[in-house]
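# Overview (structure and organization)
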Amino acid sequence: MRKPIIAGNWKMYKTSGEALELVNGLKSELKGESAVDIVVCPPFTAIAKVADALKGSNIGYGAQDMYWEEEGAFTGEVAPKMITDLGCGYCIIGHSERRTYFHETNDTVNKKVKAALKHGLTPIVCVGERLEERDSGKTFDVVKDHVEGGLSGLTKEDALKVVIAYEPVWAIGTGRTATPEQAQEVHKYIRSLLGKMFGEEVSSKVRIQYGGSVKPDNVKAIMAGPDIDGALVGGASLNVKDFAEIVRQSKR
Ligand code: PEP
């Protein structure tokens, strides 16, 4: 039985003071909640404060991106050990906003996934099609390309540590969610791809989140899909009550 995992992607929102307020609210709302893995991914500048606030709590935390090199002359980048040093357990990798605005490719995603695993981080690897790709019947091709490219060269052992987030780009921040059937169809496909790449035993254990305008009032229906193991939440993760309710509604 896969334990649900709900992760909040705070994107480029929240100064460290605002982040502290948000995380303190989540801590008290979600105290003792153990049926779901809960993760927040603040901007880099707020991670240290959030980490302090979360000491000893049931809420994990991570970064929204990182570079793959150990260190060096890479102005503006953040190395894996810089985020593990802050106690991060997770890192979102290959979010569609990174692919769109910062030219991330399957190759850079793959390098980051490998670096994350090397440093003991759980990569949350984002995959998903754009609207024009869905409309032209290319959803499965795009998802296959993202999954195979992003996870290329991983061992079975590595693959077990990965979380995949299926995020149809047309549903991110638009208020337009995939129907539970559309989401389940792609999740099932991703699980079958993982089966071909790493074997059935591994694929049955990998957690696959759905992301795209997840809210308290639609998460239960989405989570009903047998291959849906949680959510990557953007907008609604910035609100204490909404995020806490999404977590509660995601219990199996
Ligand atoms: C996201 O940023 O990964 C996301 C799914 O955003 P939203 O929930 O706002 O659509």
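Residues numbered from 1 in each chain as written. Predicted model: local features only at pLDDT ≥ 70, side-chain atom pairs only at ≥ 80, totals over all residues. Heavy atoms only, no water.

### Describing the site of the ligand
Applicable threshold: A single heavy atom is enough: if one lies within 4 Å of a molecule or strand, its residue is considered near that molecule or strand. Whenever a nitrogen or oxygen atom comes within 3.5 Å of another N or O atom, the pair is scored as a polar contact, on the condition that within protein one atom can donate a hydrogen and the other can accept it, and that pairs from neighbouring residues in sequence are kept only if both atoms are in side chains. Here, Shrake-Rupley sampling with a 1.4 Å probe gives the accessible areas, and only protein chains in the shown set may cover a residue. Only protein atoms enter the 1 Å grid, on which a cavity is a set of points fitting a 1.4 Å probe that cannot get out and a pocket is an open set with protein on both sides within 12 Å along at least 5 of 7 lines, lining residues being those with an atom within 4 Å of a point. Assignment of a molecule to a cavity or pocket requires that more than half of its atoms lie within 2 Å of the corresponding grid points. Gly falls in the polar group here, along with every residue not listed as nonpolar (Ala, Val, Leu, Ile, Met, Phe, Trp, Tyr, Cys, Pro) or charged (Asp, Glu, Lys, Arg).
By nearness alone, 14 residues border the ligand, and Lys11, Glu167, Gly173, Ser213 and Gly235 come closest of all. Between the ligand and Gly235, the relevant distance is 2.8 Å, taken from an oxygen atom to a main-chain nitrogen or oxygen of the residue. Coverage of the ligand by the protein amounts to 97% of the 290 Å² it exposes when considered alone. Among the detected pockets, the ligand sits in the second largest pocket. Here the residues of the shell around the ligand are counted per class, giving four nonpolar, eight polar and two charged.

### Re the state of the cysteines
Note the threshold: Throughout, disulfides are identified as pairs of cysteine sulfur atoms within 2.5 Å of each other. Any residue under 20% of the maximum accessible area for its type is buried, any over 50% is exposed, and the rest in between are partly exposed; the area is computed with a 1.4 Å probe on protein chains only.
If you walk through the whole model with that rule in mind, you get zero disulfides. The closest cysteine sulfur to the non-disulfide-bonded Cys88 is located on Cys91, 7.6 Å from its own sulfur. For Cys88, a relative accessible area of 7% gives the class buried. The cysteine Cys91 is free of any disulfide, with Cys41 supplying the nearest cysteine sulfur at 7.5 Å.

### Some remarks on the pairing of strand E5 (residues 122-127)
Basically, it comes down to this: Think of it this way: any DSSP run of H or I at least four residues long counts as a helix, any run of E at least two long counts as a strand, and we number them from the N terminus. Here, any two strands with at least 2 DSSP bridges between them count as paired.
Burial within E5 is extensive, with six of its six residues counted as buried. Of the two faces of E5, both are covered, the one formed by Thr122, Ile124 and Cys126 as well as the one formed by Pro123, Val125 and Val127. Strand direction decides the pairing type here: strand E4 (residues 90-93) and E5, joined by four bridges, are parallel. The residue of E5 that forms the bridge with Cys91 is Pro123.

### Some thoughts on the packing of helix H7 (residues 139-150) against helix H9 (residues 180-198)
As a reminder of what qualifies: For helices, the fitted axis covers only the stretch in contact; all axes are lines through C-alpha atoms, and the angles between them, taken along N-to-C directions, range from 0 to 180 degrees. Every angle not falling under 35 degrees, over 145, or within 65 to 115 is termed oblique; those three ranges are roughly parallel, roughly antiparallel and roughly perpendicular. By the definition used in this description, the sense in which the near helix is turned from the far one sets the handedness, with an anticlockwise turn below a right angle giving left-handed and a clockwise turn giving right-handed. Residues count as neighbours in contact if any of their non-hydrogen atoms are within 4.5 Å of one another.
Across the interface, H7 lies against H9 with an axial gap of 10 Å and an inter-helix angle of 45 degrees. Considering their axes alone, H7 and H9 lie oblique with respect to each other. Of the two elements, H7 crosses H9, and the hand of that crossing is right-handed. Every residue of H9 that contacts H7 at Thr139, Phe140, Val143, Lys144, Val147 and Glu148 is listed here: Glu185, Val186, Tyr189, Ile190, Leu193, Leu194 and Met197. For the contact of H7 with H9, the class distribution of residues is nine nonpolar, one polar and three charged.

### Side note on the side chain of Ser213
Secondary-structure assignment places Ser213 in the loop between strand E7 (207-211) and helix H11 (219-223). Of note is the side chain of Ser213, whose polar atom sits 2.8 Å from the backbone oxygen of Ala171. In this structure, Ser213 is in contact with Ala171, Gly173, Thr174, Gly175, Arg176, Thr177 and Asn218, ignoring residues within four places of it in sequence.

### Overview of the pairing of strand E6 (residues 163-166)
Where burial is concerned, the two faces of E6 agree: the one with Val163 and Ala165 and the one with Ile164 and Tyr166 are both buried. Pairing geometry for E5 and E6, over four bridges, is parallel. Bridge assignment links Cys126 to a residue of E6, and that residue is Ala165. Two strands pair when backbone bridges link them, and E6 and E7 are joined in this way by four bridges, in the parallel orientation. Considered in E7, the bridge of Ala165 is made with Gln209.

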